[in-house]
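What the coordinates show
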Amino acid sequence: MFAALAEFIRELIVQGTYEGLAVIYRWTVQRILRDATWEARAICSLLYQQKMTQKEIGDALGMTSRAVEGHMRRLRLHAARLTSLGEIDALYARIASAKAGDR
């Protein structure tokens, strides 16, 4: 199952369509957040959807900005581990270049 999904994702990357990359990006984020705590998921949501700062997120969730930073650091480490295991592809550069090409 995962092998077929990984192959499908690689085909979308090769095709390089913005829509395909958006699907891959969404799947990758969902995979990273699958094992995350509710706090980490809430922090990601507030960062991405509300464009809040770490200080604002800390105030909203009742934690310090340092705690928010710690949650994000652990998520980055988790994403790096998933990448090294081949479970996800590091797509940030591909997404950024696709968006720049659309301008």
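Below, the structure is looked at part by part. (Residues numbered from 1 in each chain as written. Predicted model: local features only at pLDDT ≥ 70, side-chain atom pairs only at ≥ 80, totals over all residues. Heavy atoms only, no water.)

**A closer look at the overall build of the chain**
Secondary structure summary: the chain contains 6 helices and 0 strands in total. When the helices and strands of the chain are placed in sequence order, the string is α-α-α-α-α-α. Within the span of the chain, comprising 103 residues, buried residues form 29% of the whole. Sequence-distant contacts in the chain: of pairs separated by 6 or more residues, those separated by 24 or more amount to 57%. Working note: accessible area of the chain is about 7100 Å², and carbon and sulfur atoms make up 57% of it. (Helix = DSSP H or I, 4+ residues; strand = E, 2+ residues; numbered from the N terminus. Buried < 20%, exposed > 50% of the residue type's maximum accessible area, 1.4 Å probe, protein only. Contact = heavy atoms within 4.5 Å. Areas by Shrake-Rupley, 256 points an atom, 1.4 Å probe, with all protein chains shown as cover.)

**Overview of the environment of Ser45**
By secondary structure assignment, the location of Ser45 is in helix 3 (residues 38-49). On a C-alpha basis, the gap between Ser45 and Ile57 in space is 10.0 Å, while along the polypeptide they are 12 residues apart.

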